[in-house]
Amino acid sequence: MEGQVRLFLELIEETRGGVVFTGAGISTESGIPDYRSPGTGMWETMDQSVVSLSGFMKNPENYYSYAMESYPVRASAEPNEGHLALARLEKKGWLRGVITQNVDGLHTKAGSENVLELHGSIRRVICLQCREYFPMEEAMGRVRGGENPPLCQRCGGILKPDAVFFGEPLPEKPWEKSVDLVSSSEVLIVAGSSLLVAPASGLPRLALSKGATLVIINLTETQFDDEAYIVIRREIGEFFRETGV
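A short tour of the structure in this document, coming up.

Calculation notes
Residues numbered from 1 in each chain as written. Predicted model: local features only at pLDDT ≥ 70, side-chain atom pairs only at ≥ 80, totals over all residues. Heavy atoms only, no water. Helix = DSSP H or I, 4+ residues; strand = E, 2+ residues; numbered from the N terminus. Areas by Shrake-Rupley, 256 points an atom, 1.4 Å probe, with all protein chains shown as cover. Lys, Arg positive; Asp, Glu negative; His and termini not counted. Charge placed at Lys NZ, Arg CZ, Asp CG, Glu CD. Disulfide = S-S within 2.5 Å. Buried < 20%, exposed > 50% of the residue type's maximum accessible area, 1.4 Å probe, protein only. Pairing = 2+ DSSP bridges. Axes fitted to C-alpha atoms, helices over the stretch in contact; angles between N-to-C directions. Contact = heavy atoms within 4.5 Å. Salt bridge = Lys/Arg side-chain N within 4 Å of Asp/Glu carboxyl O. Core = buried A, V, L, I, M, F, W, Y, C linked by side-chain atoms within 4.5 Å.

## Points about the overall build of the chain
Here is step 1: Across its full length, the chain holds 9 helices and 9 strands.
Here is step 2: For the chain, the spread of C-alpha atoms along the three principal axes comes to 55 × 35 × 30 Å.
Here is step 3: Accessible area for the chain stands at about 11500 Å²; split by element, carbon and sulfur atoms hold 50% of it.
Here is step 4: Within the chain, one finds 24 positive and 33 negative side-chain charges whose respective centroids are separated by 4 Å.

## Points about the state of the cysteines
Here is step 1: All told, the structure shown has 0 disulfides when counted by the stated rule.
Here is step 2: For C130, which is in no disulfide, the shortest distance to another cysteine sulfur is to C127 and amounts to 3.7 Å.
Here is step 3: According to the relative accessible area criterion, C130 is partly exposed, its value standing at 30%.

## Points about the sheet that holds strand β4 (residues 120-127)
Here is step 1: With antiparallel pairing, the 3 strands of this open sheet are ordered in space as β5-β4-β6. Both edges of this open sheet fall to β5 (133-135) and β6 (159-163), since each of them pairs with a single strand only. Across the sheet, the axes of successive neighbouring strands diverge by a mean angle of 45 degrees, strand direction being ignored.
Here is step 2: Summarising the sheet, β4 and β5 pair through 3 bridges and their orientation is antiparallel.

## What to know about the sheet that holds strand β8 (residues 213-217)
Here is step 1: One open sheet holds the 6 strands; their spatial order is β3-β2-β1-β7-β8-β9, and the pairing between them is parallel. Looking at which strands have only one partner, the edges of the open sheet turn out to be β3 (115-117) and β9 (230-232). Averaged over all pairs of adjacent strands, the angle between their axes in this sheet comes to 15 degrees, without regard to strand direction.
Here is step 2: Two strands pair when backbone bridges link them, and strand β7 (residues 187-191) and β8 are joined in this way by 5 bridges, in the parallel orientation. Note that in β8 the partner of L188 across the bridge is L214.

## Observations concerning the side chain of S178
Here is step 1: One can find S178 in helix α7 (residues 172-183).
Here is step 2: S178 sits in the buried class, given a relative accessible area of 0%.
Here is step 3: Ignoring any residue separated from it by four or fewer positions in sequence, one finds S178 in contact with I99, L116 and L118.

## Section: the pattern of salt bridges
Here is step 1: Taken as a whole and judged by the stated rule, the model has 15 salt bridges.
Here is step 2: A salt bridge links R88 to E81; the nearest nitrogen and oxygen atoms lie 2.3 Å apart.
Here is step 3: Taking the relative accessible area as the measure of exposure, E81 reaches 18% and is therefore buried.
Here is step 4: In this structure, the salt-bridge partner of R144 is E137, at a minimum N-O distance of 2.5 Å.

## Things to note about the pairing of β4
Here is step 1: In terms of burial, β4 is largely enclosed, as 6 of its 8 residues are buried.
Here is step 2: Bridge count for β4 against β6 is 5 bridges, and the pairing is antiparallel. The partner of C127 across the bridge, within β6, is L159.
Here is step 3: What sits between β4 and β5 in their antiparallel hairpin is a turn of 5 residues, with R131 showing a positive phi close to 65 degrees.

## Thoughts on the nonpolar core
Here is step 1: Counting 23 residues, the largest nonpolar core has F8, L89, I189, V215, I217 and F240 as the members making the most contacts within it.
Here is step 2: Sorting the residues of this core by element identifies α1 (2-14), α4 (81-91), β2 (95-100), β7, β8, β9 and α9 (236-243) as the ones contributing at least two each.
Here is step 3: Here the element with the most residues in this core is α1; it accounts for 4 residues.
Here is step 4: Membership of the second largest hydrophobic core comes to 21 residues, among which are Y63, M136, C152 and F165.

In structure tokens, the structure reads:
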């Protein structure tokens, strides 16, 4: 492991800048379950139709009943050393941005400024009728008070989490910015993603095609391990704590 730490630190010193692509694995140390870990992944414990657009439109009450149990965990979660280290690398001028599949908002809470949320955020809701945004905490407060689903107080439309559900496309602008960022960076660090969800799973291929160096920090294998300069099978916060960045 000392060799991997050394190689990682040398890579940062010898390159002008990089970008990080994060998945659910970076937030597990903050107490938020990932999706696919055997025995603990969310897809083993919940019906995926709850977070599909068609399922939500048919029965939004199901989502908010689920959220009554899951949202308190996400709302109380704090950034871990992985999130904080990335924020420090940005402030030092090396990290050019964070691209994330996560909807927990922890990168922003940690202090990262250039965060591209490919799957949106559960920190806010959007009215499906007038398209206004409101804090998720406000919506959940009304759910706790018996209003399920919560409705927009301006027009009466249904409030939906501003996260990408199954059956919805990625938001166009964050995706376009992500492609531009990866295309012009010397290093791509994948942290906590199994790289199974398209189209974001194609970002490592794009980086490699542009001559970038690929680093993967993930507990399980990915399809790009053989092409990575360094593959680190460690908890992300634990690894960054050892690097001292």
